[in-house]
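This is what each chain is made of:
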Amino acid sequence: MHGLSVRDAGSVADLYAPDAAAWLLGCDGCRLTDLDAAGTPAGLRIEDSSDVRIEGARLSGARRTDPTRAPTNDSPTHRAVPA
């Protein structure tokens, strides 16, 4: 995936709100370049993946409205595909 831009995702603890700009799940050999994320609880979520390459990522975090509650969802915004 190249040139993905994500803004203000997951600012509310919600089952359907994403907790990361990109979620790489079972993504062996994937490459993500030029990710630009701002206002998300996490820039990247990488699980059960190997040989992942992240290049040129610009990440800026989100402000939580309730600091005592952690994000509770497992919904990806985008899933990268193997290069």
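Note that the coordinates shown come from a computational prediction; the quantities given were computed from them, not determined experimentally. (Residues numbered from 1 in each chain as written. Predicted model: local features only at pLDDT ≥ 70, side-chain atom pairs only at ≥ 80, totals over all residues. Heavy atoms only, no water.)

Student: Describe in detail the overall build of the chain, supporting the description with residues and values.
Tutor: Secondary structure assignment for the chain yields zero helices and seven strands. In the chain, the order of α-helices and β-strands from amino to carboxyl end is β-β-β-β-β-β-β. Counting across all 83 residues of the chain, residues that qualify as buried make up 29%. In the chain, 54% of the contacts between residues at least 6 apart in sequence involve partners at least 24 apart. For the chain, the accessible area works out to roughly 5,000 Å², and carbon and sulfur atoms hold 47% of it. (Helix = DSSP H or I, 4+ residues; strand = E, 2+ residues; numbered from the N terminus. Buried < 20%, exposed > 50% of the residue type's maximum accessible area, 1.4 Å probe, protein only. Contact = heavy atoms within 4.5 Å. Areas by Shrake-Rupley, 256 points an atom, 1.4 Å probe, with all protein chains shown as cover.)

Student: Break down the pattern of salt bridges for me, citing the residues and quoting the values.
Tutor: Throughout the structure, instances matching the rule amount to three salt bridges. A salt bridge links Arg-53 to Glu-55, with the nearest nitrogen and oxygen atoms 2.3 Å apart. (Salt bridge = Lys/Arg side-chain N within 4 Å of Asp/Glu carboxyl O.)

Student: So what's going on with unusual backbone geometry? Residues and values would help.
Tutor: Non-glycine residue Asp-34 carries a positive phi angle of around 55 degrees. Assignment of secondary structure puts Asp-34 in the loop between strand E3 (31–33) and strand E4 (36–40). Phi angles above zero are rare outside glycine, and Asp-48 is one such case at about 50 degrees. Within the element layout of this structure, Asp-48 appears in the loop between strand E5 (44–47) and strand E6 (53–55).

Student: Please give an account of the state of the cysteines that cites residues and values.
Tutor: Counted by the stated rule, this structure contains one disulfide. Shown here is the disulfide that connects Cys-27 with Cys-30, its sulfur atoms set 1.6 Å apart. The disulfide joining Cys-27 to Cys-30 has a torsion of about -90 degrees about its S-S bond and is therefore left-handed. For the pair Cys-27 and Cys-30, a shared accessibility class is recorded, and that class is buried. (Disulfide = S-S within 2.5 Å.)

Student: Now, about the pairing of E4: what can you tell me, with residues and values included?
Tutor: Inspection of the sheet shows strand E1 (residues 5–7) paired to E4 by three bridges, in the parallel sense. In the sheet register, Val-6 faces E4, and the bridge partner there is Ala-37. Pairing geometry for E4 and strand E7 (residues 58–61), over four bridges, is parallel. Its bridge partner lying in E7, Ala-37 is registered against Leu-59. (Pairing = 2+ DSSP bridges.)

Student: Provide a residue-level description of the sheet that holds E1, including the pertinent values.
Tutor: Strand order in the open sheet made by the three strands is E1-E4-E7, with parallel pairing throughout. Both edges of this open sheet fall to E1 and E7, since each of them pairs with a single strand only. Ignoring which end each strand starts from, the neighbouring axes of this sheet average 10 degrees apart. (Axes fitted to C-alpha atoms, helices over the stretch in contact; angles between N-to-C directions.)

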